[in-house]
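Each chain, written out:
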Amino acid sequence: MKRMHELVRANPRYGYRRIWALLRLEGQRVNRKRIHRLWKQEHFKVPMKQHKKRHLGASKNSIVRRRCEHKDHVWCWDFIHDSDERGRALKWLSIVDEFTRECLTLEVERSITSPDVIDLLAELFIIRGVPMHIRSDNGPEFIANAIRSYLNRANVGTLYIAPASPWENGYAESFHGRVRDELLNVELFLDLPDAKAHASRWKNQYNHRRPHSSLGYVPPATFAATLAGPPVGAAPLPPAQPASTCYPVQTLIATGT
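Residues numbered from 1 in each chain as written. Predicted model: local features only at pLDDT ≥ 70, side-chain atom pairs only at ≥ 80, totals over all residues. Heavy atoms only, no water.

## A closer look at the state of the cysteines
Evaluated as defined, the whole model comprises 0 disulfides. Of all cysteine sulfurs, the one in Cys 76 lies closest to Cys 103, which takes part in no disulfide; the gap is 9.7 Å. On the accessibility criterion, Cys 103 (2% relative accessible area) is buried. (Disulfide = S-S within 2.5 Å. Buried < 20%, exposed > 50% of the residue type's maximum accessible area, 1.4 Å probe, protein only.)

Below, the structure is given as structure tokens:
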């Protein structure tokens, strides 16, 4: 019971199922029904949120029509905005593997330019490998010529969803819901370094400790570790960039999705 109280205090947005999963991951042999009884007995409650009903979308690049089939088959990316305690802008970029649900990148800066995104992708491609596709909306961030050219040379297919249909990029939408609910709405960021520190800690918690309901209540990294390697040819190395290549600095503007 003591450990249950500690987990609830540390994770105020977790329901009883996720608390039960955390206890199981720690090696405790507990029954989910018993945790549910204790949850009600202690009057724990996660504030309910009202969700608007949305159609999943049916454009050719939506998550319904172009489903992820294996690790590194489809990544999704998007931006989310917040501010520090002095009201200064914080811009967050996330990249998620749709199949494993791993958060591959959670980067925060005051602003993010096209060269910044290319540098981040190049580093991620070296560490993780190259996905077959990357899904996004049609915002200026993702259709910038420099970024499209780099992805094309890396043999990464771009899946642009229908305009004004963020739900067609459902994995990114869902992930940002978690980021907003469990990080941005909970923490007060003093400045940019403080936001970066929180982003790093939350990303590690999300990947390695947070039970994911769509993965049978195991963390994404644990689920990914059980998978076989990607199909042959699924992750080619990115092409080397010529030393003389220069990209114009272009500040990326959020689409508001």
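## Some points on the side chain of Asp 84
Within the secondary structure, Asp 84 is located in the loop between β1 (74-83) and β2 (89-97). The buried category is assigned to Asp 84, whose relative accessible area is 4%. A distance of 2.8 Å separates polar atoms of two side chains, one belonging to Asp 84 and the other to Arg 88. Within the local environment of Asp 84, its side chain forms a polar contact with the side chain of Arg 110, the two groups lying 3.0 Å apart. Discounting residues that sit within four places of it in the chain, Asp 84 has contacts with Leu 90, Arg 110, Phe 189, Leu 190 and Asp 191. (Helix = DSSP H or I, 4+ residues; strand = E, 2+ residues; numbered from the N terminus. Polar contact = N/O pair within 3.5 Å; in protein donor to acceptor, adjacent residues only side chain to side chain. Contact = heavy atoms within 4.5 Å.)

## Quick notes on unusual backbone geometry
Its identity as a non-glycine residue notwithstanding, Arg 101 has a phi of 70 degrees, on the positive side. By secondary structure assignment, the location of Arg 101 is in the loop between β2 and β3 (103-109). On the basis of relative accessible area, Arg 101 is assigned to the buried category, the value being 16%. Phi is positive for Tyr 217, which is not a glycine, with a value near 60 degrees. Its place among the elements puts Tyr 217 in the loop between α8 (192-208) and α9 (220-225).

## Focus on the side chain of His 176
Note on placement: His 176 falls in helix α7 (residues 170-184). For His 176, a relative accessible area of 8% corresponds to the buried category. Aside from chain neighbours lying at most four places away, what touches His 176 is Asp 78, Phe 79, Ile 80 and Ser 94.

## So, a positive patch on the surface
Taken together, Arg 17, Arg 32, Lys 33, Arg 34, Arg 37 and Lys 40 make up a surface patch of like positive charges. A total of 5 residues in the positive patch trace back to one element, the largest contributor, which is helix α3 (residues 32-41). Looking at the element boundaries, Arg 37 is found in helix α3. (Patch = residues over 30% accessible without salt bridge, like charges linked within 9 Å, V, L, I, M, F, W, Y side chains within 5 Å. Areas by Shrake-Rupley, 256 points an atom, 1.4 Å probe, with all protein chains shown as cover. Salt bridge = Lys/Arg side-chain N within 4 Å of Asp/Glu carboxyl O. Lys, Arg positive; Asp, Glu negative; His and termini not counted. Charge placed at Lys NZ, Arg CZ, Asp CG, Glu CD.)

## Considering the packing of aromatic side chains
Counted according to the given criterion, the structure contains 9 aromatic pairs. For the pair Trp 75 and Phe 125, a centre-to-centre distance of 6.0 Å together with 50 degrees between the ring planes defines the contact as tilted. Of this pair, Trp 75 sits in strand β1 while Phe 125 is found in helix α4 (residues 114-128), placing the two residues 50 residues apart along the sequence. Like Trp 75, the residue Phe 125 is buried in the burial classification. Cluster of aromatic residues (ring-pair linked, three or more members): Trp 75, Phe 125 and Tyr 150. (Phe/Tyr/Trp six-rings, centres within 6.5 Å; stacked < 30°, edge-to-face > 60°.)

## So, the environment of Ala 199
Considering the arrangement of structural elements, one finds Ala 199 in helix α8. As a C-alpha pair, Ala 199 and Leu 184 span 15 residues in sequence and 9.5 Å in three-dimensional space. Those residues within four positions of Ala 199 in sequence are excluded, and the remaining contacts are Trp 92, Leu 106 and Val 108.

## Things to note about α7
With 15 residues, α7 should reach 21 Å at 1.5 Å per residue; the first-to-last C-alpha distance of 19 Å fits that figure. Along α7, the residues that are buried comprise Gly 170, Ala 172, Phe 175, His 176, Val 179, Asp 181, Glu 182, Leu 183 and Leu 184. On its buried side, α7 packs onto β1, β2, β3 and α8. (Expected span 1.5 Å × (residues − 1).)

It is worth stressing that arrangement in space is one thing and function is another; only the former is reported here.
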